[in-house]
Amino acid sequence: MTVSYLDHAATTPVRPEVVEAMVEVMSGPAGNPSGSHAAARAAMRRLDAARSAFAEVVGAHPNEVVFTGGGSEADNLAIRGVLGRSAPDRPAVCSALEHHAVLEPVEVSGGRTVAVTADGRIDLADLERVLDAVHPSVVSTMLVNNETGLVQPLDEVAQIVRDRHPDAVVHTDAVQALRWLDVATRTAVADLVSYAGHKFGGPAGVGALVVRNGVELDPIVRGGGQEQGRRSGTQNVAGIVGMSVAATLAAAERDAIVARVSGLRIRLVEGLRSRLDGWSETGSGERVAGMAHLCIDGVTAEPLLLLLEQGGVLASAASSCSSGAMHPSHVLAAMGYDRTRASGSLRLSIGPTTTEADIDRAVQVVPDAVERIRAAA
Amino acid sequence: MSRLLVAMSGGVDSSVAAALAVEAGHQVTGVTLKLWGGESDSGCCSVSDVEDARRVAHQLGIDHHVFNFGEDFERHVVDPFVDAWANGTTPNPCVECNRHIKFDLLLRRADLLGFETIATGHHARLVEHAGERRLARGADAAKDQSYVLHMLGAEQRARLELPVGHLTKAEVRAEAERFGFDTAAKPDSQDVCFIHSDGGKAKFLGDRIPLRSGRIVDTEGTELGTVERVQLVTIGQRKGLDLGGGQGRRYVVDTDPSTDTVVVGDRAALLRAEQPVEAWQWVVDPDLVGGELAAQVSAHGGPRAVASIEADRVVWAESEQRVAPGQAIVGYDGDTVVGWGLAA
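Since the model is a prediction, treat every value here as computed from it, not as a measurement.

**Structural notes on the overall build of chain A**
- Summing up its helical and strand segments, chain A has 12 helices and 12 strands in all.
- For a compact globule of 377 residues, the expected C-alpha radius of gyration is about 21 Å, and chain A comes in at 21 Å, within 12% of that figure.
- Each principal axis of the C-alpha distribution contributes one length, and for chain A these read about 65 × 55 × 35 Å.
- Counting across all 377 residues of chain A, residues that qualify as buried make up 53%.
- Partitioning the contacts of chain A with sequence separation of at least 6, the portion at a separation of at least 24 is 71%.

Structure below.
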């Protein structure tokens, strides 16, 4: 049976151009970019080219791009790196709907979280209250939430931070944004910006943190001093080249992809509306084109996802822990959803490879599965 | 063959159960139940156990899922466990887990997903008798788990497979070696899966309910001393009561939770000709029960000879030690489970 992959927010198919570029690097001569001989210099040339290309997509100077081992590492470097350079009485602050890669470093260090509105955005009034109470070292708000796809008011957040604490660092996790939004413009107000290669057609295990000139960070991985001392360890040249190719393609094709995927999303939501009762879209306002997040009455995500899989539709709920067991979403909890309502969450995320047939299958399979679970209850 | 859902804890028994089900030609899917998020080192449910289960499933070439039944486990197993101790009765958490989680929730989930049958790694057997499947003791008397499965009704027994019930534990480990499982030498799970061995039951309960001290009296009512954590004292208990020296072995023969009193006496004071039970239930037709009637009163206890069983009591063949209220009493005809009740 063919399957309809509607989980592009979890990870994306690696683009053939990316595979080709990575294979070329990996099958070529060995060369550590930190070395001095010809092969090392060749590797460094590839790395520099990839860095420049990536920097252009994200609106940064090449020297501002720190390559990491993924988005979570970039988030950790942002929060822990700033905290490492700050006085102990200056906590980290983030919204309650951040990815755990931000939330945990903030919470473990005794930082503060900012409330979320019922429509799924950071509560700016609460941010003002928090920033009146503490003098933060770093304030973090993601650009696009990974569960709901809702775009966060980063410009307003940055303004509030600058007005009160001009010396605080503004970080944004833009991991879910690069495919859908002009990140060069949208993240211009942030001092630190996180990316992950596998969310836009690149490989997993590669990410980047943009560190604007003048922002000081302590490294969290120490060693040979690569990436200007901000992230030691021999660079994953093939992965970085792959991510850079993917980013360049994503930026070049962004408008066309957004237009096409928006159409698919409308087809999905309207199709479901005509065939299924008792559900609503989560939150409201600007949402990235590829994300549909529903809360469905009378079901729990765990059996729903398995029934969808039996019908050939691969999707996910909110988030899952490493053991694979479902856990209630902290994002929905922050939005004020009770456990029962949150447990019926379904994330259908669309990408450039999604077809109308995939959408039509979901429109068929989702209501069937929901009715089956409701009938069994 | 049927679509079969195997509950895999990551331990050796359920790993071999899954492997034998695959060998028997069933279309097998593995599932690990995430039941307890708190601290524990004695049972299952840790992340590494889930990974053990998944690795075995992959080795067998079968699909593996994780179902999070944590909230249901808390509601149906952990909360009643705490309430029972708080009220001076002795709970059966493994029994309640089987009743509410494995053979209700999991079975219903299996229905929903189109699995006809479920399997577990319990040491017990299902034997055909007079047109129905009866639950019988496992081949390894020391590992027999039929006691904790006593509540299975006819429909549940019809939809269950127990692939390791005919094997001894040593044979199960040998099978695990044959299949090349790295869980072959994994130690058996111990005691209550959600309680950490550091601190044990006393700490677990002490964190959740106020444990009071109580007084100890003899059967004449003479005060003998005091006891910490009176709710944790169970009938038949001998250790842990500081009664000074002298008077020979003394046992807890009664407890009164309403006055926090523990009554101690000699062994004779603990013996009863019959044991009152709450609503005895036959799981097979009582007219078909004959032969050697026996009853087991704890998961690891031996069988006691029974003279007769009535709706509200079990009459022992010879006087037996009193059973703590709340404990399950399971009736056997030879090796076969025929009914059960709770000690009153």
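Back to the text.
**Some points on the pairing of strand β10 (residues 291–296) of chain A**
All names here are of chain A.
- For β10, the tally of buried residues reaches five of six residues, placing the bulk of the element in the interior.
- Across three bridges, the pairing between strand β9 (residues 279–281) and β10 is antiparallel. What sits directly across from S280, in β10, is C295.
- With five bridges joining them, β10 and strand β12 (residues 345–349) adopt antiparallel strand pairing. The partner of A292 across the bridge, within β12, is L348.

**Details of the domain arrangement of chain A**
Residue and element names in this part refer to chain A.
- On domain assignment, one finds that chain A holds domain 1 (4–12 + 253–376) and domain 2 (16–250).
- Computed over C-alpha atoms, the centres of domain 1 and domain 2 are 27 Å apart.
- The partner domain 2 presents 25 residues to the 25 residues of domain 1 that form the contact.
- Contributing elements (two or more residues each) for the side of domain 1 that touches domain 2: α8 (237–275), β10 and α10 (330–334).
- Sorting elements by how many residues they give to the side of domain 1 that touches domain 2 places α8 first, with three residues.
- The class makeup of the residues in the side of domain 1 that touches domain 2 is nine nonpolar, 11 polar and five charged.

**A word on the domain arrangement of chain B**
All names here are of chain B.
- You can read the domains of chain B as domain 1 (3–179), domain 2 (211–265) and domain 3 (270–343).
- Tallying the contact residues gives 19 residues for domain 1 and 15 residues for domain 3.
- Put simply, the parts of the chain that give the side of domain 1 that touches domain 3 at least two residues each are α4 (93–112) and β6 (132–137).
- Element by element, the count of residues in the side of domain 1 that touches domain 3 is highest for β6, at four residues.
- A breakdown of the residues in the side of domain 1 that touches domain 3 according to their chemical character gives 11 nonpolar, six polar and two charged.

**Overview of the packing of helix α3 (residues 71–84) of chain A against helix α4 (residues 100–108) of chain A**
Residues and elements named next belong to chain A.
- Contact geometry for α3 and α4: axes closest at 8 Å, N-to-C directions at 30°. The angle between α3 and α4 places the two elements in the roughly parallel class. The interaxial crossing formed by α3 with α4 has right-handed handedness. Residues G71, S72, D75, N76, I79 and R80 of α3 lie in contact with α4, whose contacting residues are A101, V102, P105 and V106.

**What about the sheet that holds strand β11 (residues 261–265) of chain B?**
Residues and elements named next belong to chain B.
- Pairing is mixed in the open sheet, where four strands are placed in the order β9-β8-β11-β10. Of all strands in the sheet, those bounded by a partner on one side alone are β9 (223–227) and β10 (251–256). Strand-to-strand twist of the sheet, defined as the mean angle between neighbouring strand axes without regard to direction, takes the value 30°.
- Of the strand pairs in this sheet, strand β8 (residues 214–218) and β9 are connected by four bridges, and their pairing is antiparallel. Looking at β9, one finds that R215 is bridged to T226.

**Details of the environment of G298 of chain A**
All names here are of chain A.
- Locating G298 in the fold gives a position in the loop between β10 and α9 (301–310).
- For the pair G298 and S343, spaced 45 residues apart in sequence, the C-alpha to C-alpha distance is 9.3 Å.
- Here G298 is in contact with G278, R374 and A377, once residues within four sequence places are set aside.

**Focus: the sheet that holds strand β4 (residues 117–119) of chain B**
Residue and element names in this part refer to chain B.
- Taken in spatial order, the five strands line up as β3-β2-β1-β4-β7 in an open sheet, and their pairing is parallel. The strands lining the two open edges of the sheet, one partner per strand, are β3 (63–68) and β7 (160–161).
- This element, helix α1 (residues 12–23), spans β1 (3–7), β2 (27–34), β4 and β7 of the sheet and lies at about 165° to β1.

**Observations regarding α4 of chain A**
Residues and elements named next belong to chain A.
- The set of residues buried in α4 consists of A101, V102, L103, P105 and V106.
- Those residues of α4 that are buried lie in contact with α3, β3 (92–95), β4 (112–114), β5 (138–140) and β6 (169–173).
- Phi turns positive, to about 80°, at G110, one or two residues after α4.

**Regarding unusual backbone geometry**
Residues and elements named next belong to chain A.
- Despite not being glycine, E227 has its phi angle at roughly 50°, a positive value.
- With respect to the helices, strands and loops of the structure, E227 is situated in the loop between β8 (207–211) and α8.
- Given 21 C-beta atoms within a 10 Å radius, E227 is considered buried.
- Phi is positive for Q228, which is not a glycine, with a value near 55°.
- When you line up the elements, Q228 lands in the loop between β8 and α8.
- Residue Q228 is classed as partly exposed on the basis of its 13 C-beta neighbours within 10 Å.

**Examining the environment of L6 of chain A**
Residue and element names in this part refer to chain A.
- Inspection of the secondary structure puts L6 in the loop between β1 (4–5) and α1 (16–27).
- Residue L6 is classed as buried on the basis of its C-beta count, with 28 C-beta atoms lying within 10 Å.
- Considering only alpha carbons, one finds L6 and A292, 286 residues apart in sequence, at a separation of 9.7 Å.

What counts, and at which threshold
- Residues numbered from 1 in each chain as written.
- Chains lettered and ligands numbered in written order.
- Predicted model: local features only at pLDDT ≥ 70, side-chain atom pairs only at ≥ 80, totals over all residues.
- Helix = DSSP H or I, 4+ residues; strand = E, 2+ residues; numbered from the N terminus.
- Rg over C-alpha atoms; globule rule 2.2 N^0.38 Å.
- Buried ≥ 20, exposed ≤ 12 C-beta atoms within 10 Å, placed from the backbone.
- Contact = placed C-beta atoms within 7 Å.
- Pairing = 2+ DSSP bridges.
- Domains from an automatic or database assignment.
- Nonpolar A, V, L, I, M, F, W, Y, C, P; charged D, E, K, R; others polar.
- Axes fitted to C-alpha atoms, helices over the stretch in contact; angles between N-to-C directions.
- Parallel < 35°, antiparallel > 145°, perpendicular 65-115°, else oblique.
- Left-handed = near helix turned anticlockwise from the far one by under 90°.

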